[in-house]
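What follows is each chain in one-letter form.
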Amino acid sequence: MALKCWVASANDPSTDFPIQNLPYGVFRYGNQTHIGIAIGDKILDLHACGVGGLLVGVSAEARNACLSETLNELMELGPEVWSALRREVTNLLSGEAHSEVEKSLVPMCEVEMQLPARTGDYTDFYASIDHARRVGKLFRPDNPLLPNYKYLPVGYHGRASSIVVSGFPIRRPQGQTKPADSEPLFAPSKSVDYELEIGAFVGPGNRLGNPISINEAEKHIFGLCLVNDWSARDLQAWEYQPLGPFLAKSFATSVSPWVVSMEALAPYRVPVRSRGKDDPALLDYLQPLDTQKCAIDLTLEVYLASLKMRQAGIPPERISRSNLRDLYWTFAQFVTHHTSNGCNLRSGDLLATGTVSGPLEGSEGCLLEMRHRAVRLRLPTGEERVFLEDEDRVIFRAFTERHNLPRIGFGLCEGIVKKHR
Ligand code: MN
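A brief structural summary. Residue positions within a chain follow its written sequence, with the count starting from 1. Since the coordinates come from a predicted model, pLDDT governs what is reported: local features require at least 70, and pairs of side-chain atoms require 80 or more to be given and counted, while whole-chain, interface and lining totals use all residues. Only hydrogens and water are set aside when side-chain values are computed; all heavy atoms of the structure are taken into account.

Now for empty space enclosed by the protein. Only protein atoms enter the 1 Å grid, on which a cavity is a set of points fitting a 1.4 Å probe that cannot get out and a pocket is an open set with protein on both sides within 12 Å along at least 5 of 7 lines, lining residues being those with an atom within 4 Å of a point. Grid points are joined across faces, edges and corners, and a volume is the space filled by probe spheres set on the points. Per the counting criterion, the structure on display carries one cavity of 30 Å³ or more. Size it by volume and the largest cavity reaches roughly 80 Å³. Along its surface, the largest cavity is lined by Val272, Cys294, Ala295, Ile296, Leu324, Arg325, Leu327, Trp329, Thr330 and Phe331. Charged residues are taken to be Asp, Glu, Lys and Arg, nonpolar residues to be Ala, Val, Leu, Ile, Met, Phe, Trp, Tyr, Cys and Pro, and polar residues to be all remaining types, Gly included. Across the lining of the largest cavity, the residue classes break down as eight nonpolar, one polar and one charged.

Working definition: helices are DSSP H or I runs of at least four residues, strands are E runs of at least two. Numbering for both runs from the N terminus. The topology assignment puts Tyr240 in the loop between α7 (233-239) and β16 (253-255). Note: C-alpha distance between Tyr240 and Asn404 (164 residues apart in sequence) is 46 Å.

Glancing now at the pattern of salt bridges. Salt bridges are defined as contacts in which a side-chain nitrogen from Lys or Arg sits within 4 Å of a carboxyl oxygen from Asp or Glu. Enumeration over the complete set of coordinates arrives at 28 salt bridges. Between Arg402 and Asp297 there is a salt bridge, with the nearest N and O atoms lying 3.4 Å from each other. You can see Arg402 sitting in the loop between β25 (393-400) and β26 (408-418) and its partner Asp297 sitting in the loop between β19 (295-296) and β20 (299-305), a full 105 residues away along the chain. For Lys418, the salt bridge goes to Glu391, with nearest N and O atoms at 3.1 Å. Of this pair, Lys418 sits in strand β26 while Glu391 sits in the loop between β24 (384-385) and β25, and the two are 27 residues apart along the sequence. We classify Lys418 as partly exposed; its relative accessible area is 25%. Look at Glu391 and you get partly exposed, because its relative accessible area is 22%. One network of salt bridges, with partners in common, ties together Asp193, Glu195, Asp229, Arg233 and Lys249. Summary of the burial criterion: residues with accessible area below 20% of their type's maximum are buried, those above 50% are exposed, and those between are partly exposed, where the area comes from a 1.4 Å probe applied to protein chains only.

Here is the rule: rings of Phe, Tyr and Trp (six-membered ring for Trp) pair when centre to centre is within 6.5 Å. Planes less than 30 degrees apart are stacked, more than 60 are edge-to-face, and the remainder are tilted. Going through the model one piece at a time under the given rule, you end up with nine aromatic pairs. An angle of 45 degrees between the planes, with centres 5.8 Å apart, marks the rings of Tyr149 and Tyr328 as tilted. Taken as a pair, Tyr149 in the loop between α6 (129-139) and β7 (155-157) and Tyr328 in the loop between β21 (317-323) and α10 (331-339) lie far apart in primary sequence, 179 residues in all. The class of Tyr328 is buried, set by a relative accessible area of 5%.

Here we take up the nonpolar core. In this text, buried Ala, Val, Leu, Ile, Met, Phe, Trp, Tyr and Cys residues form a nonpolar core when linked through side-chain atoms within 4.5 Å. Counting 63 residues, the largest nonpolar core has Tyr194, Ile198, Leu224, Leu324, Phe331, Leu388 and Phe410 as its most contacted members. Among the secondary structure elements, those contributing two or more residues to this core are α6, β13 (196-202), β14 (221-228), α8 (262-265), β20, α10, β25 and β26. Listed in part, the 45 residues of the second largest apolar core include Leu22, Leu71, Cys225 and Val255.

On to the layout of surface pockets. A volume near 920 Å³ is recorded for the largest pocket. Considering the residues around the largest pocket, the lining is formed by 35 residues, among which Tyr126, Val135, Gln236, Tyr240 and Pro245 are closest to the centre. When residues of the lining of the largest pocket are traced back to their parent elements, those giving at least two are β6 (122-125), α6, β7 and α7. Sorting elements by how many residues they give to the lining of the largest pocket places α6 first, with five residues. Residues belonging to the lining of the largest pocket are distributed by class as follows: 18 nonpolar, nine polar and eight charged. Taken as a whole, the second largest pocket spans an internal volume of roughly 460 Å³. What lines the second largest pocket is a set of 26 residues, and nearest its centre among them are Ala217, Glu218, Lys219, Met262 and Arg269. If you list the elements that add at least two residues to the lining of the second largest pocket, you get α4 (79-93), β14 and α8. Considering every element that reaches the lining of the second largest pocket, the biggest residue donor is α4, with four residues. Broken down by class, the residue content of the lining of the second largest pocket amounts to 14 nonpolar, four polar and eight charged.

Right under this line is the structure:
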């Protein structure tokens, strides 16, 4: 029998936030910025709980971290502290309604969500082999995967300063492009795209020079969020060689405001995608002891709503669906490979998967990948899309739905593309 919560909306089967989820976020309510936990259509204000003496079962440092205006302090404390806090909050929200706790609940519709953490560094990987193959094929039909792909999780250093929270408008960037038939020019991008990704927030960091081993790696992950790595494909095509993505990516990266803990996701773990029989063996430093629960069964979806659709009252149209379990590389491997040269990660750093695609048509995690299709993407209004148009609203969702387990979700990560200035 699933655990029930006395907050009625948390027991609605369609909610992303039942008592089994308890994701963390930062919200602004009136003129206060507090840490909270989503529960149904409410937020449990952890600052209020701390001040009100409700967090008796956790350490003083955990209580202090709950008074902060970002999650960084809590991220630093590690899995045992996160577990104790989760137990405490589960107790407060289950059983009988509790009037003191009730006073610490805030309606989600009345707050303004903030970035969950101060992020010092942002790294983006390329962990979906289906994405890498499909994009590689556009450029190298005979040899889509580069030789390093199956040996290491390929990544690049992104830009942390332009990470924005879901809902922040995305200004179409200008930049340098090289049309096939003319000299390079400077103009607004004509090929703004989204990239459907999941990001991991780093919990406790490591000291410079001290790599994190593969079997310790997950202790350094606080939780996961949705990420949209907005990309300008025309800028990217001209600038990316030889040093990789630069201005085509750094104009904005959106994250969802709620961070789902690894503990909440534990029941939804599945074996990692098996490597093909001709694939090289993993080098020892990337080989975990237990491969049965390395991956996560998480459905990811992309919805699009054009201005015309919104004006006609047509709901957002689902244009893609993929699953995180199809990735070739895991979050633990990201952490271990990233730190294997001694590089230090810090609490609040963001490690994103790269575009998450699946093998089938309909599971492409970005518009660029749909170019292999015979028919263009068509919206219910009859409009067609090759890339995003101004005023297009892009919405990402993620949720797990396994037999006999409650559905838990990530909320939304959305943004509207705005005309360039
Ligand atoms: Mn990306």
